[in-house]
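Results of the structural survey
Single-letter residue listing:
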Amino acid sequence: MSFTEAYNSEAKQKEAGCSATPSVGEETYCTEEQLDSGPFSSDLKLMDNKLQPIEEQVQYLLVKADELQICLVHSKLNSEKEDFTDVVPTFLKMCQPYFNCLESTARNTCPGRSPLPQYIRTQLLQFSQQLCSQLEQLVLIYASYGCLSLAETDPIGVSHFYIGQCQVDNINLSIFRYGQPTPFLALTNTGLYKRMRWNVERKKGTEAGEEEETNDNRTEVKQRMEKEQEANRERRMEGNSTEYYFLCHEDVHLVEGEVMIGQTDRQKGAEAVMKMWSVGKWVQIYPDPDPEDIMDWVLCTIPQGQYKPLMYLGLEEPSPCVATDCLLRVLLPTDDESITHPITLD
């Protein structure tokens, strides 16, 4: 049995053993039952002990990622003909439940749930950061040997990978990491490059239902007409239920005489290029996000949009953990440390 066949078999067995953990695309909500039986209970004395099995799982994945790199390099150096095309996508999929566990346990907020101690949250997010960095290195080395494509236009490429999901207040957040800075628009170079993407889904309130209950005197015909109008609005907005946010950088060209914090010495007259990082939102331009006629959506092959910066982060690239904290501070302005991890932009 070849290395890739043995690995794929092991990955399937490992994935089957993690079936109880939410996979990509599934929503991760807190319940009282999960909190009582999940990775942490309300007993603070037991929390440290429950960190150990999580750390062991993460260490297993880190070691496995190293092995995959070593096997690839060894195979190429010895001119062995092995097909490594599916190795990285399979491993990335195997890591998804662990990212979900780490991010949701550290960040999820639920009514009646006491926030985790800060040192526990910090440790969980550090595990997530370590695994993300290792996967990024794995993706890049396999791409350098031609075993996968990082092009976003390649339908079977791996331009980005999933690094977790969490539920914070009324927001369901799915997190993705790009293996390398990628042009914000696939078909046009705007000088803007994306490094992370967040899919944001907001839970709908029940205001409409409550209003209906308090107006029982309305006629049945009027109620039916209003229900039909509301259903039509929901159908029109169905394709826009998810908002997209990005961590991006753009090149800032400095000429002689301009000074910026962090700028290094350069020769007189030479141009310096600095990277300015920011968190921002995809703003739909075409088709119209609030159309009366949906034909524009039907006929559009590639939606057009622009980047709207919401928070500038400076010249240093933030870690995925810090970037997610920044986004949450934009979406949920609060000083509650149980929602966002303390930010350090050194």
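Here the structure is a predicted model, which means the values were calculated and not measured.

Before going further, it helps to spend a moment on the overall build of the chain. Along the chain, the regular secondary structure elements total 9 helices and 6 strands. In the chain, the proportion of contacts linking residues at least 24 apart, taken out of those at least 6 apart, comes to 67%. Surface summary for the chain: the accessible area is close to 19800 Å², and the carbon and sulfur share equals 50%.

Another aspect to go through is the packing of aromatic side chains. All told, the structure shown has 5 aromatic pairs when counted by the stated rule. Aromatic pair Phe84 and Tyr142: ring centres 6.1 Å apart, planes at 70°, arrangement edge-to-face. On the criterion of sequence distance, the pair formed by Phe84 in the loop between α3 (44-77) and α4 (87-107) and Tyr142 in helix α5 (residues 118-144) is long-range, its members being 58 residues apart. It is Arg197 that lies over the ring of Phe176; its NZ or CZ is 4.3 Å from the centre.

Time to look at the nonpolar core. Among the nonpolar cores identified, the biggest contains 57 residues, and Phe91, Tyr142, Leu173 and Trp198 are the most heavily contacted of them. Beyond its immediate sequence surroundings of up to four residues, Tyr142 is in contact with Leu68, Gln69, Leu72, Phe84, Val87, Val88, Cys147 and Leu148. Core analysis: the next-biggest nonpolar cluster, separate from the first, contains 7 residues, Phe184, Phe246, Cys248 and Trp282 among them.

Quick look at the pairing of strand β1 (residues 160-168) now. With respect to burial, β1 is a largely interior element, 8 of its 9 residues being buried. Inspection of the sheet shows β1 paired to strand β2 (residues 171-183) by 7 bridges, in the antiparallel sense. For Gln167, the partnering residue across the bridge sits in β2 and is Asn172. Once β1 ends, the chain turns through 2 residues before running back antiparallel as β2, passing Asp169 with a positive phi of about 55°.

Of note, Asp169 is a non-glycine position whose phi angle comes to about 55°, a positive value. Residue class for Asp169 comes out partly exposed when judged on its relative accessible area of 42%.

The next thing to look at is the pattern of salt bridges. This model, assessed by the stated rule, comprises 10 salt bridges. A salt bridge links Arg177 to Glu317; the nearest nitrogen and oxygen atoms lie 3.2 Å apart. On the criterion of sequence distance, the pair formed by Arg177 in strand β2 and Glu317 in the loop between β6 (304-314) and α9 (320-331) is long-range, its members being 140 residues apart. What makes Glu317 partly exposed here is its relative accessible area of 35%. For Glu317, the salt bridge is made with Arg195, and the minimal N-O distance between the two is 3.1 Å. You can see Glu317 sitting in the loop between β6 and α9 and its partner Arg195 sitting in strand β3 (residues 192-202), a full 122 residues away along the chain. Put simply, Glu136, Arg177, Arg195 and Glu317 are held in one network by salt bridges that share partners.

We now examine the side chain of Asn100. Structurally, Asn100 can be placed in helix α4. There is a polar contact of 3.1 Å between the side chain of Asn100 and the backbone nitrogen of Gln165.

This paragraph deals with the pairing of β3. Burial analysis of β3 places 9 of its 11 residues in the buried class, the great majority of the element. Where β2 meets β3, 9 bridges bridge the pair, whose relative direction is antiparallel. In the strand pairing of β3, Phe176 is matched with Arg197. Two strands pair when backbone bridges link them, and β3 and strand β4 (residues 242-254) are joined in this way by 9 bridges, in the antiparallel orientation. Each bridged residue has a counterpart across the sheet, and for Trp198 the counterpart in β4 is Tyr245.

Glancing now at the packing of α4 against α5. Each packed pair of helices is defined by two parameters, the angle between the axes and the distance between the axes. Interhelical geometry of α4 versus α5 gives an angle of 165° and a closest axis separation of 9 Å. When the axes of α4 and α5 are compared, the pair comes out roughly antiparallel. Classified by chirality, the crossing of α5 by α4 is left-handed. Where α4 abuts α5, its residues Val87, Val88, Phe91, Leu92, Cys95, Tyr98, Phe99, Leu102, Glu103, Thr105, Ala106 and Arg107 lie against Arg121, Leu124, Leu125, Phe127, Ser128, Leu131, Cys132, Leu135, Leu138, Val139 and Tyr142. Its residues placed into classes, the contact of α4 with α5 shows 18 nonpolar, 2 polar and 3 charged.

Quick look at α5 now. The first and last C-alpha atoms of α5 sit 39 Å apart over 27 residues, in line with the 39 Å expected at 1.5 Å per residue. Looking one or two residues past α5, Gly146 carries a phi angle of roughly 75°, positive in sign.

Quick look at the confidence of the model for the chain now. Confidence in the prediction for the chain averages 75 pLDDT; 61% of positions are at 70 or higher. Under a pLDDT of 50 for its full length, residues 16-38 has, in the predicted model, 32 contacts with residues more than four places off or in other chains.

Between its first and last C-alpha, α9 extends 16 Å over 12 residues, near the 16 Å set by a 1.5 Å rise per residue. In terms of burial, α9 is a largely internal element, 10 of the 12 residues being buried. For α9, the set of buried residues is Pro320, Cys321, Val322, Ala323, Thr324, Asp325, Cys326, Leu327, Leu328 and Leu331.

Each value, and the rule that gives it
Residues numbered from 1 in each chain as written. Predicted model: local features only at pLDDT ≥ 70, side-chain atom pairs only at ≥ 80, totals over all residues. Heavy atoms only, no water. Helix = DSSP H or I, 4+ residues; strand = E, 2+ residues; numbered from the N terminus. Contact = heavy atoms within 4.5 Å. Areas by Shrake-Rupley, 256 points an atom, 1.4 Å probe, with all protein chains shown as cover. Phe/Tyr/Trp six-rings, centres within 6.5 Å; stacked < 30°, edge-to-face > 60°. Lys NZ or Arg CZ within 6 Å of the ring centre and 35° of its normal. Core = buried A, V, L, I, M, F, W, Y, C linked by side-chain atoms within 4.5 Å. Buried < 20%, exposed > 50% of the residue type's maximum accessible area, 1.4 Å probe, protein only. Pairing = 2+ DSSP bridges. Salt bridge = Lys/Arg side-chain N within 4 Å of Asp/Glu carboxyl O. Polar contact = N/O pair within 3.5 Å; in protein donor to acceptor, adjacent residues only side chain to side chain. Axes fitted to C-alpha atoms, helices over the stretch in contact; angles between N-to-C directions. Parallel < 35°, antiparallel > 145°, perpendicular 65-115°, else oblique. Left-handed = near helix turned anticlockwise from the far one by under 90°. Nonpolar A, V, L, I, M, F, W, Y, C, P; charged D, E, K, R; others polar. Expected span 1.5 Å × (residues − 1). pLDDT = per-residue confidence, 0-100.

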